[in-house]
Amino acid sequence: MAPKKIIIDTDPGADDVIAMLLALASSPEELEVVMISVTYGNVALESCLRNVVGMFHVLDHEMEWRKTQGKPLGFEALRTYKPIVAVGPEHALEEEMLMADNFHGADGLHGVHEKHPHLSPADTWKALFKEGLPTETEEPSYLKYFTPSKTPAHKEILRILKEEPADTISICVLGPLTNLALAAAEDPETFLKVKEVAVMGGAVECEGNVTPLAEFNTYADAVSAARVFALTSPTPASTMPPIPKDKATLAPYPEKLSRRLNLSLFPLDITTPHLLNMGFFREKIEAQLAGDSPLAVWVNTFMAGIFRQITSIIGTEVEPGLSLHDPLTVWYMLTGSDPAWKLAKGAPEDIRIETSGQWTHGMHVSDRRGRTRPDGVTTFEVPGDEDGWLSLRRGNRINRYVSSPGEMAFAPFLMERLFG
């Protein structure tokens, strides 16, 4: 069976790294990671990129360790395919300040590079993505697992979509949507060849995690999120963000587009309850740590930092657990045919992104008034509905997932895939 081809757009971050590891640990028949598109987010762009390169460096060491230990290598997708790694912009479309997320530590992985320098790539890795920097005399061993690109990430996304037949490539979005917004603005018709965009983002019927209303990924670049969401609408102009007079902005979409974007949303509502608890994590990784598995040592280091951070927030009365926000999108890519994945009642929903509010920036807005919509036969609009919340021709069309194959089932699945 042909694998599902995916692009991972990411801002690593601990749970981003776990999501990528899960994808790379899949079988070649399940997933092919075609590209890893790196963006700013949890930390600054260079740190995010360093964490991606560091992950491949660690996996290179892990494969050698498993060989010498006579253990199954696993990570078949890693060893079968060779994704491109490309880099996006350093900040949001209309913001020059990084909306930093301190949850993941200053480097995004709670100091793992300083604590285990032998598991971090030499600084010459930067030359893989930028001209004019010092290079290594010999090609790093980890380059057997990915191809670095000096082309901007959004252009690589468009190239891949252009070369592949329509409905071949899916995109998992684990960070701010800036790379996708740039690709969609530059060539919307090519971008719309994507099969599905699975977005980890937003808080629809629950509180936010960076403000009372907003989730970090959307908050970090609400304008990009609004632009991407607008492509799900029969009339994208109806939900596009307002254009600031004093800032450069991307061009509007053409009035006529050949198709609508298929966007699946995984907000905090569904991702938060999928926990990797500290006790279970330590139990499952104990044997690998005892044998000095490079991957176990590396992951355990940043997970220990995560658990300390969570304990500082919730106190010591409750066992800390990492919500598997980003990995849930990869689990969906692996198991999406399972009928336990269920959409919200009335899907697709008109969910829009607030970009202008002083206190509501990044909020996911939906109409909860329960008003009657047109019948779609004789009427398509409601008189006086200026913003189109009841319209059948305006507003977004978002597929929001509300249930999975099991909140308690995911952590065991994940740990088994990564560590056996």
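As the structure is a computational prediction, the values presented were derived from the model and not from experiment.

Conventions used here
- Residue numbers here run from 1 along each chain, matching the order of that chain's written sequence.
- The predicted origin of the model limits local features to residues at a pLDDT of at least 70 and limits the giving and counting of side-chain atom pairs to 80 or more, whereas totals for whole chains, interfaces and linings rest on all residues.
- Hydrogens and water molecules were not included; the side-chain quantities draw on all heavy atoms of the structure.
- Note on definitions: the grid is 1 Å and covers protein atoms alone; a cavity is a set of points where a 1.4 Å probe fits but cannot get out; a pocket is an open set with protein on both sides within 12 Å along at least five of seven lines; lining residues have an atom within 4 Å of a point.
- Grid points are joined across faces, edges and corners, and a volume is the space filled by probe spheres set on the points.
- Throughout this entry, Asp, Glu, Lys and Arg are counted as charged residues, while Ala, Val, Leu, Ile, Met, Phe, Trp, Tyr, Cys and Pro are counted as nonpolar. The remaining residues, Gly among them, count as polar.
- Two strands pair if DSSP finds at least two bridges between them.
- Think of it this way: any DSSP run of H or I at least four residues long counts as a helix, any run of E at least two long counts as a strand, and we number them from the N terminus.
- In this scheme, patches are assembled from residues that exceed 30% relative accessible area and form no salt bridge. Like charges are connected within 9 Å, while nonpolar side chains (Val, Leu, Ile, Met, Phe, Trp, Tyr) are connected within 5 Å.
- The protein chains shown are the only cover counted for residues, whose accessible areas, like all others here, come from Shrake-Rupley with a 1.4 Å probe.
- Within this document, salt bridges are pairs made up of a side-chain nitrogen of Lys or Arg and a carboxyl oxygen of Asp or Glu, the two lying within 4 Å of each other.
- Exposure classes here rest on a 1.4 Å probe applied to the protein chains alone. A residue is buried below 20% of its type maximum, exposed above 50%, and partly exposed in between.

Asker: What should I look at first to understand empty space enclosed by the protein in this one?
Answerer: Space left empty within the atom packing is revealed by a probe, the size of a water molecule, rolled over the atoms. In total, this model carries 3 cavities of 30 Å³ or more according to the counting rule given. Its volume calculated, the largest cavity comes out at about 40 Å³. Residues belonging to the lining of the largest cavity are distributed by class as follows: 8 nonpolar, no polar and 1 charged.

Asker: Can you help me understand the pairing of strand β13 (residues 399-403) in this one?
Answerer: Note on strand geometry: in a regular strand, side chains alternate between the two faces of the sheet. Direction of pairing for strand β7 (residues 263-266) relative to β13: parallel, over a ladder of 2 bridges. Following the sheet pairing, Ser264 is matched in β13 by Asn399. Where strand β10 (residues 342-343) lies against β13, 2 bridges are found, and the strand directions are antiparallel. Each residue of the ladder has a partner; that of Lys342, found in β13, is Ser403.

Asker: I would appreciate a short explanation of a nonpolar patch on the surface in the present structure.
Answerer: Taken together, the side chains of Ile313, Ile314 and Val318 make up a nonpolar region of the molecular surface, amounting to roughly 280 Å² of accessible area. With respect to the element layout, Ile314 can be found in helix α12 (residues 294-314).

Asker: Honestly, unusual backbone geometry in this entry has me stumped. Any pointers?
Answerer: Across residues other than glycine, the phi torsion is negative in most instances, and most of the peptide bonds are trans. Here the bond from Pro12 into Gly13 is cis, since omega is -10 degrees, no more than 30 degrees from zero. In this structure, the amide linkage connecting Ala347 to the following residue, Pro348, adopts the cis form with an omega of 0 degrees. Mapped onto the secondary structure, Pro348 falls in the loop between β10 and β11 (352-353). The backbone phi angle of Phe75 is positive, close to 45 degrees, even though this residue is not glycine. Mapped onto the secondary structure, Phe75 falls in the loop between α2 (45-69) and α3 (76-80). With relative accessibility at 1%, the residue Phe75 sits in the buried group. In this structure, Asp292 takes a positive phi of about 65 degrees despite not being glycine. Looking at where Asp292 falls in the secondary structure, it is placed in the loop between α11 (278-290) and α12.

Asker: What exactly am I supposed to notice about the layout of surface pockets here?
Answerer: Approximately 790 Å³ is the volume attributed to the largest pocket. For the largest pocket, the lining is made up of 33 residues, of which Phe103, Asn209, Leu268, Ser323 and His325 are closest to its centre. At the level of secondary structure, the elements contributing two or more residues to the lining of the largest pocket comprise α1 (14-24), α8 (216-220), β8 (275-277), α12 and β9 (321-323).

Keep in mind that these numbers describe shape and distance, not what the molecule does.
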